[in-house]
Amino acid sequence: MFKPFPMRQIKVMFVGFLGYSLLVACADENSNFQAIHGSTNEELASLHARAMRVSDEQAIKRLQRSFGYYMEEALVEEVLALLSEDASIEYARDGVYQGKPRVQEYLYALNGGKSGLSQGKLQEYLQLMPVISVAADGLTAKARWRGIMLFGDMNKGEASWGEGPFENEYVKIDGIWKISKIHWYQTILVPFKGGWGHSEDLNQGIWVSDILPPDKPSTFDKGSWPTTFLPPFSFVNPVGRYDAELQQVPEVTRIQPELPSLETFQTTDLQSLQAIILTQHAHTKLENLQRIFGFYIDKQLWHQAADLFTKDATYEDSGSGVYVGREAILAYLQSLGAEGPQPNVLNDHMQLMPVIDLISATRARGRWHHFSQQALHGVSHSLGTGIYENEYVLEEGVWRIAKLHRYSSMVTNYDLGWGEQADRRSQVSTEFPPQHPPSLVYENYPEVFVPPFHYGNPGIALEDLPKFPEDLSLQELRKILEEIEDFRSVERLQTVYGYYLARNQWDDLTGLFAPDGTIEIAQRGVYIGQASVRRNLDLYGVQDELPGQLHNHMQYQPVIHISENGQHAFLRSRALSMMGAFGSDGRWMGGTYENVYVKRDGVWMILKDQQYNTYFASVDNGWKDLPWRPAPGINPNNPPDEPPSVYFEMYPRAFLPPFHYMNPVSGRQTSWTPNEPTAAE
């Protein structure tokens, strides 16, 4: 403990801190705070700067995800409000449109000269896998995102997939983050039927530049699918690149972010510092909560899912009506099928693109994007999209779901696709009727409906921070902030892993592993140490990308927990891969990661990378009639150091990848006994 300064003592000192020469005047009130909390002003400034960096990253995520939500509803004016006045946009090979008026012209041209979707149009705009780098001054930033688009026009019988990374830039103006540069690198834009295996790009990367000339030519014109390319990364490897000759990752010098001047730091900032830290901490808890809900729903763990709700919660799924109370929610979920993983059932419900707002210290709202892949073997298979607008409550120190409302957007038979067929939203059950009718009457695509937003445009106003009744010590705030930073670092590490994996960047990918790290994918066995990890990656192709191949491995929906000592972390995340070579069938792969990470010398590394595959399926045929097959297994030409640690089954057989966590509300441990028979005949 630091000894308290007397109230009358005033100290004037020069502090050297990360290259800054800072003049700090400690007035009586500041000295009193130091006496209570045992701190120096430079420590407070350091915490404040670190907290602001986490907050800035969250604000940029909110901004870009809102871009996706507005784009999919073609809300042009809302998109424009997210942009700086000098913003630019560059889509695929269209060239650069500079300044907000030109961006406005471009967006209207994309949408046929109007704002808002037309009847029969589908325009899903998923924004996934953010890797955000905020500049040292805290006023500019860059970020890479994975864009997944589902475009359709029922009037013309058209349906297509779009995919590729965004490399965007941002600027903070008067405390509000704006998008200053949008650059989407189009990997594919191909018909739903036939996919990337049989089709070249539908527009060769030209969207509207043939009718609306750009201000500048394309800055990165490498052609279009099946031509492949590697867009430049805006981020650096967070650990280091593996050197095959040295068989290690050379030591690298990591530049610590600069901190702001302390000249204007006042004790009144302490309340905002606590509000920033506790708000961001709530974000991590709420993100985990909703993502855990999705993983439970996937495997029909109805009791576990119901445990996440408050006693008097409400649940409204599409047109089902409103079920009130945890018991009614459980009964409704049980009406959907048997408890636990079932053979012949695929039920993946992805929880994506969170925009979360705390409306008080104990209440929050969240918008999430839903994307589903569902199948009943031999009977049917479908794709679905939708929007959650949920509410959450903090009870007894634990966040719970108080209101879940999923607005269905599109459901289609996989054989036909959304260009030819779309289901109406679900109807009220006659077998298990709800307590209340649907709260809002609407119809799915091809009709037009915009699920209401719980929040205002983030490009116009700052997010309000709630007041927290706690008066936490600086030591407590520091520990919470470290947990948040660790959470975000692990999330970033796994996301970077996905980007390297998608482009055969094996040396960079190997560099993310600890020297004693292990990799175990597709039951190929356990490869131990960086040299073996690098050898394992040769199973999936040659270093750097290959012509005419799609190897997109998406990582999202991470559930992350940091150990008490802050030196280990555990992650469950979803994997969805779009793979295959042009001229053959495209392939889907779904799976689950259960990984372990270690922090060494302040740097997070992968200690254990383990993936459980759910399925491998062709784009042509989907999941309905997918024959059972084992996971790829051991390759005798590149054997592992140890045999597989777990034997798992893939759809249409049933399997539950083990959870590293217990239920965050009830503490219930997940247990599962395979049904008999365990396989689809």
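Description of the structure in this document. Owing to the predicted nature of the structure, the values given are computational and were not obtained by experimental measurement.

Here we take up the overall build of the protein chain. Scanning the protein chain from N- to C-terminus turns up 11 helices and 21 strands. In terms of overall dimensions, the protein chain is globule-like: its C-alpha atoms have a radius of gyration of 25 Å, near the 26 Å expected for 681 residues. Considered along the principal axes of its C-alpha atoms, the protein chain spans approximately 80 × 60 × 60 Å. Across the 681 residues of the protein chain, 59% fall into the buried class. Sequence separation of 24 or more characterises 70% of the internal contacts of the protein chain that already satisfy a separation of 6 or more. When the accessible surface of the protein chain is totalled, it reaches about 27200 Å², and 52% of it is carbon and sulfur.

This part takes up the sheet that holds strand E15 (residues 398–413). If you walk across this open sheet you meet the 6 strands as E11-E10-E15-E14-E13-E12, and the pairing is mixed. What marks the edges here is a single partner per strand, and that holds for strand E11 (322–324) and strand E12 (345–358). Strand after strand, the sheet turns through a mean of 15 degrees between neighbouring axes, direction not considered. The strands touched by helix H2 (residues 41–72) are E12, strand E13 (363–376) and strand E14 (380–395); relative to E12, the strand with the most contacts, the crossing angle is about 120 degrees. Relative to strand E10 (residues 309–317), helix H8 (residues 326–334) is tilted by about 40 degrees, and along the sheet it contacts E10, E11 and E15.

Next up on the list: the sheet that holds strand E18 (residues 549–562). Strand order in the open sheet made by the 6 strands is E17-E16-E21-E20-E19-E18, with mixed pairing throughout. Since the sheet does not close on itself, it has two edges, and those belong to strand E17 (527–528) and E18, each with one partner. Bridging between strand E16 (residues 513–521) and E17 involves 2 bridges; their strand directions are antiparallel. From the neighbouring strand, Thr518 faces E17, where its bridge partner is Ile528. Along the sheet face, helix H11 (residues 530–537) touches E16 and E17 and points at about 35 degrees away from the line of E16.

Within strand E7 (residues 158–173), 12 of the 16 residues are buried, which leaves it mostly tucked inside the rest of the structure. Here strand E6 (residues 140–153) runs beside E7; their pairing, made up of 14 bridges, is antiparallel. Bridge pairing in E7 links Gly152 to Ala159. Between E6 and E7, which pair antiparallel in sequence order, lie 4 residues; one of them, Gly157, sits at a positive phi of approximately 70 degrees. Where E7 meets strand E9 (residues 188–191), 4 bridges bridge the pair, whose relative direction is antiparallel. Paired with Gly162 across the bridge in E9 is Leu189. One ladder, built from 6 bridges, connects E7 with strand E8 (residues 176–184); its direction is antiparallel. Pairing of Tyr170 across the sheet is with Ile179, part of E8. In this antiparallel pair of consecutive strands, E7 and E8, the connection spans 2 residues, and Asp174 shows a positive phi of 55 degrees.

Nonpolar side chains in soluble globular proteins tend to be buried together. Core analysis: the largest hydrophobic core is formed by 117 residues, its most contacted members being Phe67, Tyr91, Trp196, Trp418, Trp588 and Trp623. For this core, the element with the highest residue contribution is strand E21 (residues 603–618), accounting for 9 residues. In this view, Phe67 contacts Val79, Leu82, Tyr91, Tyr125, Gln127, Phe166, Ile179 and Ile182; residues no more than four positions away in its chain are not counted. With 54 residues, the next largest nonpolar core counts Ala275, Ala305, Ile356 and Trp368 among its residues.

A few words now on the packing of H2 against helix H9 (residues 474–502). At a minimum axis separation of 11 Å, H2 and H9 run at an interaxial angle of 40 degrees. Crossing handedness for the pair H2 and H9: left-handed. Touching Glu43, Leu44, Leu47, Arg50, Ala51, Val54, Gln58 and Lys61 of H2 are Leu474, Arg478, Leu481, Glu482, Ile484, Glu485, Arg488 and Glu491, all from H9. Among the residues making up the contact of H2 with H9, the classes are represented as 7 nonpolar, 1 polar and 8 charged.

Calculation notes
- Here, residues in each chain are numbered from 1, in the same order as that chain's written sequence.
- Under the rules for a predicted model, residues below a pLDDT of 70 receive no local features and side-chain atom pairs below 80 are neither given nor counted, while totals for whole chains, interfaces and linings still include all residues.
- For the side-chain quantities, the full set of heavy atoms in the structure was used; hydrogens and water were omitted.
- Strands here mean DSSP runs of E at least two residues long; helices mean DSSP runs of H or I at least four residues long; both are numbered from the N terminus.
- Here the radius of gyration uses the C-alpha set of atoms, whereas the globule reference equals 2.2 Å times the residue count to the power 0.38.
- Three labels apply to residues, based on accessible area from a 1.4 Å probe with only protein chains included: buried if under 20% of the type maximum, exposed if over 50%, partly exposed otherwise in between.
- We call two residues contacting when some pair of their heavy atoms lies within 4.5 Å.
- In this description, accessible areas are obtained by the Shrake-Rupley approach with a 1.4 Å probe, and a residue is regarded as covered only by the protein chains that are shown.
- At least two bridges found by DSSP between two strands is the condition for calling them paired.
- Helix axes use the C-alpha atoms of the stretch in contact, all axes being lines fitted to C-alpha atoms, and the angles between their N-to-C directions lie in the range 0 to 180 degrees.
- As used in this record, nonpolar core signifies buried Ala, Val, Leu, Ile, Met, Phe, Trp, Tyr and Cys residues forming a set joined through side-chain atoms within 4.5 Å.
- By convention the crossing between two helices is left-handed if the near helix lies anticlockwise of the far one by an angle smaller than a right angle, and right-handed if it lies clockwise.
- Under the scheme applied here, ten amino acids are nonpolar (Ala, Val, Leu, Ile, Met, Phe, Trp, Tyr, Cys and Pro), four are charged (Asp, Glu, Lys and Arg), and all others, including Gly, are polar.

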